[in-house]
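So the chains spell out like this:
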Amino acid sequence: MRNVRHFWIYFIMFAGILFLFISNDFGLVDVQRTAIITGLALDKEEGELLLTADLAVPSTSEKGENTSPVQVSAKAKTVAQALEKIGEKVGWAPKLVYCRVLLLGEELMKEDCFHYLDYFLRNEYFSDNCILLAAQGQAKDLLSVKTPVDNIVTLALLKIISGEAYSSGRCVSVVLKDFAIGYYGNTKSGFLPIVKAEEPVKKVLNTQSGANQGGGGEEKQEEQVFSVSTTALFFEGKKQGELNEEETFALSLLRTRLRNSAYQIETEKGDYCIDLKQNKGKVRFFIQDGVPRLQVNLTARASISDRTQVSSVKELTSSPIVPSEVKRAVEKKLENAYESLFEKCRKTNCDVYGVLDKLRRYENEYFDAYQKDVLRLTKPTFTVKVISSAR
Amino acid sequence: MNKISARQLCLFFSCMAPVGKMIRLPSILSEQAGNGLLLSALFSASLQLVVLFALLKLSERTNLSFFALVENTFGKVGKGIFSALFALYFVWAAIYPLLEQKSFVQSAFYDTIPAIIVFLPFFLFSAFACMKNLTAIGRSADLSAPVFLVSYFALLALSIPAGDIAALLPFREISLSKTALSSLHTLNWFSDSAYLLLFLGHFEGNKKTTAKVMIGYAVGTIFVLLFLAVFFGIFQSIAGRQNFAVTKIGKYHRAIGTMGRVDFLFAYALSIVLIFYSVIPLLLSVESLTHLFGEHRLALSLAVNGVALLMVFLFNYRSELLYSVVNEKLFFLFLLFADIIPLCTLFFRRKSRA
Amino acid sequence: MKKLTKNLQENISAVKEILPQEDVLVFPFSTAGGTDCAVVYTDGITDKNLLGEQVLKPLSAFAGKAELTALRQALFCPEVKDGGDLEECASGILDGDCLLLFDGIEESTLLGVKTLPARAVTEPPTDVAVRGPRAGFIEDIKTNLSLIHTRIKTPALRMKNLSVGKQSKTKVCLIYLDGIADEKVVAEMSDRLNKVEIDNIADSSYIAKILVNKPFSLFKQCGTTEKPDILCAQIMEGRVGVLVDGSPIGLSLPYVALQDFQSSEDYFINPYRATATRLLRFLSLFIAVYLPAFYVTAQLFKIQLIPTSLIFTIASGVQGIPLSPSLEMVLVLFVLEVLNEASIRMPKYVGYALSIVGALVLGDTVVQAGLVSTTAIIIIAISGICLYTVPNLYETTSILRWIMLFIAGSIGTYGLILFTAFLLYYMITDDNYGVPLLSPLSPWNANDNKDALIRVPLFFLWRRPKFFKSQNKRRLRHRE
């Protein structure tokens, strides 16, 4: 009979669950009633935050695309208010769980951007592994760009940041978490890739001989592509400067293992395009004779990808063997890039090399003495060693 | 049959106990001790190791249970008092971890904040589990071990590439006073010796068992320390803000972008182990009460879980107050029940007065 | 109750009083020595040829003394036993035996001349093996026992015959190896069978319910098989096999849940493939039970679980569907269950037409009509196929799938996890005859795990499973 009693207990529990199943709402928002936000653009306009959301609206189209992008903007003092206004406009519950890109507008970067970014750190339902990008101009304008890479702009940006450009060292990739660690840490520094839309690619569609179609014989759809080859430097949340393409590449060599790079080098014998691989960067900081010293060592294997001159058959087969003058030229160019990068760090106070952190971790007894102007006092040495991929 | 084997005890301390320390403890320790969090955890774990060793040595000399020893020393009345006190202690010790689990559930399992009602089914499960005896704890440890090991190492594999272990430096900056204080304020998470106290008499005590359990606890401590190190290496200056560490550390791996949040699956697997672990203090509370009221497990289970449910409801919006009271002001209760009383048990009478 | 006397006519009348059925026939005859005899038998289940050749012919030619021993020795029938009292005689007649009565002799004799209709030994439909034996049990217990005898030829083989069922008097046979099976288990099982008061035992599943500790449990508590080689292997491990007359399904106890993930074929193919197959079954079952629930809970409660690339496909697929994700899944699963049930019950002739209706109309048209999404159909199809990788657990897992779905739609992700924890906790505290249901995973046993979810090469399986507490621990000795 005990078993029968247990049976009734389980039956009542199941009936309760069934009731919940049929009757419950719990304020649930299923995927049909969700506005999937794939990216957000934050701009400053007239002293207020202008938040633009890139929404992927699910649809079934004949072309086979299953989403159509929509941009919706709202102005408010805080991010939370702006999101609420966006929700009112679209009529669906905006979900941030798929937000993979945050674009910061130029105006916004002039002040401490963590006034707004801390909303995303505070929100438990927002993932801080989203990519952070600095926009050239208004971030909102970038979201309305038409690009051939993907019909959703933020996905196109993600492809560029995490795809070829990243593995070739042309851009750096920074997530919100890393940017926040820099901001809240000792260095108060950070850097973000700068994204800009480049020259429009004109595409001609629906040409009909002799027919007038709404004011024109041809329809033109402007498509643009994104470039992320420069980097913005931040100190205390404000943009302080920029790294050019060379400096960005040099920084990438220290941070990531490249797969396909195409490094242009000019020599007396002509221009070469070098593929740098198996790069290993070491940044050492130490105090020697009371002087802070920064040692940046980079080794990489090189092979020739291309040349501006015609190559002989023998030269074609010995692509993995790079002539020594070319290697020296690459080393010199990169060392110069590191040097100019360091100078920019000094000027902007943006500690890209993590000098202050290293001072604290490895030379802690000197931390109090040097922490205020360690960048100015540090004497850097940059050593780049390029080895041929084969002998 | 109310027995736990040595292997099950070993797996309990190595694979079940660490899970409770991987939810909110990393962020709390990071906030309170900074890069001294490892030292803080090591302090607490070392104290536990000493107490566990003492209890295991006691088990080698007698196969009496804790309450039998109490009865031999203080008589039946004393046994009744101890049963009641321990029953109350276990419920008390379970409340904050339950609230922690409730918040974890609301954050990790749902995209929008649901009502507290979604956590109520836990108490149905707990009421069922509390009717079982200590054998169930041992068997759940057997089952938890492979689940824990696979999930733990998978999460580590996803998180180690994103961490910078050098963030734990410099050791010079570690403030011993802050570390000691944070160690005291996190005793709630390092009070597993109270469980072993109640397991006394239900496992075979010998040198092999002692060695196995000590190694098990040491391995569990290593798991915890490694997790804390990786956690701090990933989050560094913002570590204090990262509640529910298991769902946070694995998401920075490049594969997550392609595959989606697969780290959640491992976190969910760990949460099964967490559920088994969370039930243990309530089960032991019922076990204590059976020494006072007899084997009315259903009624006692409903009573204990009813009280726990009430407490969770009461403190649902006052978890910070509860933390402050339980862990900061009344931390000595954990010292008393999990450390001092177990050590004092070494001096209890092993032979009956009669 | 009347007793048998020395008067033949009185005895015949007494038997006919108990068995007034018209198909219980009486054939009186005399021996050559002038002793009046009679045989009483049930028409249809008694082999008249055997009766004539082994009983009537020799007795008709017998001219010796009218003594029971002499008369019995004259018979050509090998199966001769005492009839006992009238009730036992009646029981024997109904069983197909023939009752032999002699005038002037009080004792009766029962002769084994039955012929029961039985089908041929064929491959069982529920347990198909690509490699290995194809024989399966049938309804006749004697044939089934002979299949056991051909595989286990040791004197230690014991067969304990019991009769269960007040009206049906069904023969039940407990089979075990003396010195290997736990005697306490055998004693407990026979005790339970002897004590039960039930009218009819229609199938071995009735016996299973009598033998197990938790007859109301959703989980199987008793092993089942239609193959004699599997039952013999289980007996060799230390289990007790149970065969029931009238049922082709053999039982084995104690039962562990993992045995249903094993197939006889696992022991005939190479161990690496066997291991991969077992893990595949385990994974398939997990998918079958959890996938529909996971899909519902991801859409309703934790959309982040769905990868970015997939969310757009799913979101566009469910646009315009009038049902919520949970109701949509319930509808599709309901249709699958109906199709499943109908395909078993329907006559063969309409099977073809119904499969077209099921596949095209319900699969394709319903998606085009916008009632359900393609993703839901795919998920249920995968779940349905995966469920049959472990057909022995179909009853349990099909119910669990529904429960998971309801929990996923009401409580959500945490509900699934909690229910999983509950199921595991329930299973680890479920013991049958002292053997935990989840052995050897919980409690863990390294030796027994060699043949659980994985299968190590044969020569490593030298030890019998520990959880059966067998006295004889070793079953293999190789190259020592």
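This structure is a prediction, so every number in the text was calculated from the model and none was measured.

Draft legend 1. Representation of the overall build of chain B within the structure. Secondary structure assignment for chain B yields 14 helices and 0 strands. Each helix (α) and strand (β) of chain B, taken in turn from the N terminus, gives the series α-α-α-α-α-α-α-α-α-α-α-α-α-α. By the compact-globule yardstick of 20 Å for 354 residues, chain B fits well, its C-alpha radius of gyration being 20 Å. Overall, the C-alpha framework of chain B stretches about 70 × 45 × 35 Å when taken along its three principal axes. Looking at chain B as a whole, 58% of its 354 residues qualify as buried. Sequence separation of at least 24 residues holds for 88% of the intrachain contacts in chain B that already meet a minimum separation of 6.

Draft legend 2. Examining the overall build of chain C more closely. Scanning chain C for helices and strands turns up 15 helices and 12 strands. Computed over C-alpha atoms, the radius of gyration of chain C comes to 29 Å, more than 25% over the 23 Å expected from 2.2 N^0.38 for 480 residues, which places it beyond the range of a compact globule. Counting only C-alpha atoms, chain C reaches 100 × 60 × 40 Å along its principal axes. Buried residues in chain C amount to 40% of all 480 residues. Counting contacts in chain C only where the partners sit at least 6 residues apart, residues at least 24 apart contribute 64% of the total.

Draft legend 3. Focus on the environment of A:Ile304. Residues and elements named next belong to chain A. Inspection of the secondary structure puts Ile 304 in strand S14 (residues 291-307). Sequence separation between Ile 304 and Tyr 116 is 188 residues, and the spatial gap between their C-alpha atoms is 46 Å. Not counting chain neighbours up to four residues away, the residues in contact with Ile 304 comprise Tyr 272, Ile 274, Ser 319 and Val 322.

Draft legend 4. Structural view of the interface of chain B and chain A. Contact with chain B, which involves 18 residues of that partner, is made by 22 residues of chain A. Each residue belonging to the side of chain B that touches chain A can be placed in one class, and the counts come to 8 nonpolar, 5 polar and 5 charged.

Draft legend 5. Focus on the environment of C:Ser316. Relative to the assigned elements, C:Ser316 resides in helix H10 (residues 308-317). Residues C:Ser316 and C:Ser204, spaced 112 residues apart in sequence, show a C-alpha to C-alpha distance of 51 Å.

Draft legend 6. How the structure looks around helix H4 (residues 86-94) of chain C. Residue and element names in this part refer to chain C. Restricting attention to buried positions, one finds in H4 the residues Leu 86, Cys 89, Gly 92 and Ile 93. Projected down its long axis, H4 shows its buried positions confined to an angular sector of 120°, all on one face. A positive backbone phi angle near 110° is found at Gly 96, which sits one or two residues after H4.

Draft legend 7. Looking closely at the interface of chain B and chain C. At the interface, 28 residues of chain B touch 27 residues of chain C. Among the secondary structure elements, those contributing two or more residues to the side of chain B that touches chain C are helix H1 (6-20), helix H5 (121-129), helix H6 (134-159) and helix H11 (263-293) of chain B. With 6 residues, the single largest contributor to the side of chain B that touches chain C is H11(B). Of the residues that constitute the side of chain B that touches chain C, the class distribution is 17 nonpolar, 5 polar and 6 charged.

Draft legend 8. How the structure looks around the sheet that holds strand S9 (residues 240-244) of chain C. Residues and elements named next belong to chain C. Read across the open sheet, the 5 strands follow the order S6-S7-S9-S10-S8; overall the sheet is antiparallel. Only two strands of the sheet have a single partner each, and these edge strands are strand S6 (157-164) and strand S8 (223-225). Ignoring which end each strand starts from, the neighbouring axes of this sheet average 25° apart. Note: strand S7 (residues 170-177) against S9, 4 bridges, orientation antiparallel. Looking across to S9, one finds that Cys 173 is bridged to Leu 243.

Draft legend 9. The arrangement of the packing of helix H1 (residues 8-18) of chain C against H4(C) in detail. Residue and element names in this part refer to chain C. One can describe the packing of H1 onto H4 by two numbers: an axis separation of 10 Å at closest approach and a directional angle of 65°. When the axis of H1 is compared with that of H4, the two are roughly perpendicular. Note that H1 runs across H4; the crossing there is right-handed. Contacts between H1 and H4 involve Ala 14, Val 15 and Ile 18 from the first element and Leu 86, Cys 89 and Ala 90 from the second. Classifying every residue of the contact of H1 with H4 by side-chain character gives 6 nonpolar, no polar and no charged.

Draft legend 10. Inspection of the domain arrangement of chain C at higher detail. Splitting chain C by domain gives domain 1 (8-111), domain 2 (141-255) and domain 3 (271-429). Distance between the C-alpha centres of domain 1 of chain C and domain 3 of chain C: 62 Å.

Draft legend 11. Representation of the sheet that holds S14(A) within the structure. Residue and element names in this part refer to chain A. The 4 strands lie next to each other as S12-S13-S14-S15, forming an open sheet whose pairing is mixed. Looking at which strands have only one partner, the edges of the open sheet turn out to be strand S12 (263-267) and strand S15 (379-388). Averaged over all pairs of adjacent strands, the angle between their axes in this sheet comes to 40°, without regard to strand direction. Of the pairings in the sheet, the one linking S14 to S15 comprises 10 bridges and is parallel in character. Its bridge partner lying in S15, Val 296 is registered against Phe 382. Its contacts with the sheet put helix H8 (residues 245-255) on strand S13 (270-288) and S14, and the angle it makes with S13 is roughly 65°. Each of S13 and S14 touches helix H11 (residues 355-362); the most contacted strand, S13, lies at about 40° to it.

So, how was this worked out
- Residues numbered from 1 in each chain as written.
- Chains lettered and ligands numbered in written order.
- Predicted model: local features only at pLDDT ≥ 70, side-chain atom pairs only at ≥ 80, totals over all residues.
- Helix = DSSP H or I, 4+ residues; strand = E, 2+ residues; numbered from the N terminus.
- Rg over C-alpha atoms; globule rule 2.2 N^0.38 Å.
- Buried ≥ 20, exposed ≤ 12 C-beta atoms within 10 Å, placed from the backbone.
- Contact = placed C-beta atoms within 7 Å.
- Nonpolar A, V, L, I, M, F, W, Y, C, P; charged D, E, K, R; others polar.
- Arc of directions from axis to C-beta.
- Pairing = 2+ DSSP bridges.
- Axes fitted to C-alpha atoms, helices over the stretch in contact; angles between N-to-C directions.
- Parallel < 35°, antiparallel > 145°, perpendicular 65-115°, else oblique.
- Left-handed = near helix turned anticlockwise from the far one by under 90°.
- Domains from an automatic or database assignment.

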